[in-house]
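In case you want the letters, here they are:
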Amino acid sequence: FSFLKEFDMSAILPEMSKFESQLAWWMRIVLVIGPLVMVFLGAIYYWIPPDAANKKLGYRSTWSMQSVECWLYAQKFAGLVYLILGGGMLALMIVVAVLISFMKPMGMAVITVLCALLQVALVICSHIFIEKKLNK
């Protein structure tokens, strides 16, 4: 293994400043992609909902597929909830995306993971809220 004595690991690794700037951009994308999808789906459900229950597009659940009236109500209500929640999360995530620019890479990663977990929890809560509303 004498050839390893002259091997320079730093020669094959990217420059850390370039890596950190790329990491920050990826973290920003991770932060805003969920809320953007939620706003997009909310807009579709609210303004151009599918006319009839289907297995491809729309807010699909046992309660929403009971009747045409329930289906249309579920689309409007879920769309409104998604628009409001997605818009709020998007605004918050944009602020967080700006703030992580001033953090070290490990801090960026921790904040991004915590924000992603918060987004998942809020989506689950929104589904529970919508289902309770549809159950009534």
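Residues numbered from 1 in each chain as written. Predicted model: local features only at pLDDT ≥ 70, side-chain atom pairs only at ≥ 80, totals over all residues. Heavy atoms only, no water.

Enquirer: Is there a simple way to explain the packing of aromatic side chains in this structure?
Expert: Describing an aromatic ring pair means giving the distance of the ring centres and the angle of the ring planes. Here the structure, examined in full by the defined rule, presents five aromatic pairs. Note on Y73 and F77: the rings are 5.9 Å apart at their centroids and 5° apart in plane angle, and the pair reads as stacked. Within this pair, Y73 and its partner F77 are both found in helix 2 (residues 68-99), separated by four residues, close to a single helical turn. Overall, Y73 belongs to the partly exposed group, its relative accessible area being 39%. Each residue in the set Y45, Y59 and Y82 is aromatic and connected to the rest through ring pairs, giving one cluster. Over the face of the ring belonging to W25 we find R28, whose NZ or CZ atom lies 4.7 Å from the ring centre. (Phe/Tyr/Trp six-rings, centres within 6.5 Å; stacked < 30°, edge-to-face > 60°. Helix = DSSP H or I, 4+ residues; strand = E, 2+ residues; numbered from the N terminus. Buried < 20%, exposed > 50% of the residue type's maximum accessible area, 1.4 Å probe, protein only. Lys NZ or Arg CZ within 6 Å of the ring centre and 35° of its normal.)

Enquirer: Explain the nonpolar core to me, please; I cannot follow it from the model alone.
Expert: Across soluble globular proteins, you tend to see nonpolar side chains buried next to one another. If you look at the biggest cluster of nonpolar residues, it comprises 14 residues, and the most contacted ones within it are Y45, Y59, Y82, I130 and L134. Counting only elements with at least two residues in this core, the list comes to helix 1 (16-47), helix 2 and helix 3 (105-135). Among the elements that take part in this core, helix 2 stands out by supplying eight residues, more than any other. Counting residues in hydrophobic clusters, the runner-up holds twelve residues, among them L23, M27, M93 and M108. (Core = buried A, V, L, I, M, F, W, Y, C linked by side-chain atoms within 4.5 Å.)

Enquirer: What is the right way to read the environment of L72 from this model?
Expert: Among the structural elements, L72 can be located in helix 2. Exposure remark for L72: the relative accessible area of 35% places this residue in the partly exposed category. Separated by 26 residues in the primary sequence, L72 and Y46 place their C-alpha atoms 9.3 Å from one another. For L72, the residues in contact, after removing those within four places along its chain, are P50 and D51. (Contact = heavy atoms within 4.5 Å.)

Enquirer: What's the story with the packing of helix 2 against helix 3 in this structure? I'm lost.
Expert: When two helices pack together, you describe them by how their axes are tilted relative to each other and by the distance separating the axes. Put simply, helix 2 and helix 3 touch, their axes get as near as 10 Å, and they point 160° apart. Relative to helix 3, helix 2 is oriented roughly antiparallel. In terms of crossing hand, the pair formed by helix 2 and helix 3 is right-handed. The residues of helix 3 that touch helix 2, namely those facing C70, Y73, A74, F77, A78, V81, Y82, L85, M89, L92, M93 and V96, are I111, C115, L118, Q119, L122, S126, H127, F129, I130, K133 and L134. Here the residues of the contact of helix 2 with helix 3 sort into 19 nonpolar, three polar and one charged. (Axes fitted to C-alpha atoms, helices over the stretch in contact; angles between N-to-C directions. Parallel < 35°, antiparallel > 145°, perpendicular 65-115°, else oblique. Left-handed = near helix turned anticlockwise from the far one by under 90°. Nonpolar A, V, L, I, M, F, W, Y, C, P; charged D, E, K, R; others polar.)

Enquirer: Sorry if this is basic, but what is going on with the side chain of R28 here?
Expert: Following the sequence through the fold, R28 ends up in helix 1. Given a relative accessible area of 18%, R28 falls into the buried group.

Enquirer: Mind showing me how you'd approach helix 3 here?
Expert: One full turn of an α-helix is made of 3.6 residues, so residues set three or four places apart face in the same direction. With 31 residues, helix 3 should reach 45 Å at 1.5 Å per residue; the first-to-last C-alpha distance of 45 Å fits that figure. Every buried residue belonging to helix 3 is among M108, T112, C115, Q119, S126, I130 and L134, and all of these are buried. (Expected span 1.5 Å × (residues − 1).)

Enquirer: So what exactly am I meant to see when it comes to a nonpolar patch on the surface here?
Expert: Nonpolar side chains collect at one region of the surface, where I94, V95, V98, L99 and F102 lie side by side and expose about 520 Å² of accessible area between them. For V98, a relative accessible area of 48% puts it in the partly exposed group. (Patch = residues over 30% accessible without salt bridge, like charges linked within 9 Å, V, L, I, M, F, W, Y side chains within 5 Å. Areas by Shrake-Rupley, 256 points an atom, 1.4 Å probe, with all protein chains shown as cover. Salt bridge = Lys/Arg side-chain N within 4 Å of Asp/Glu carboxyl O.)

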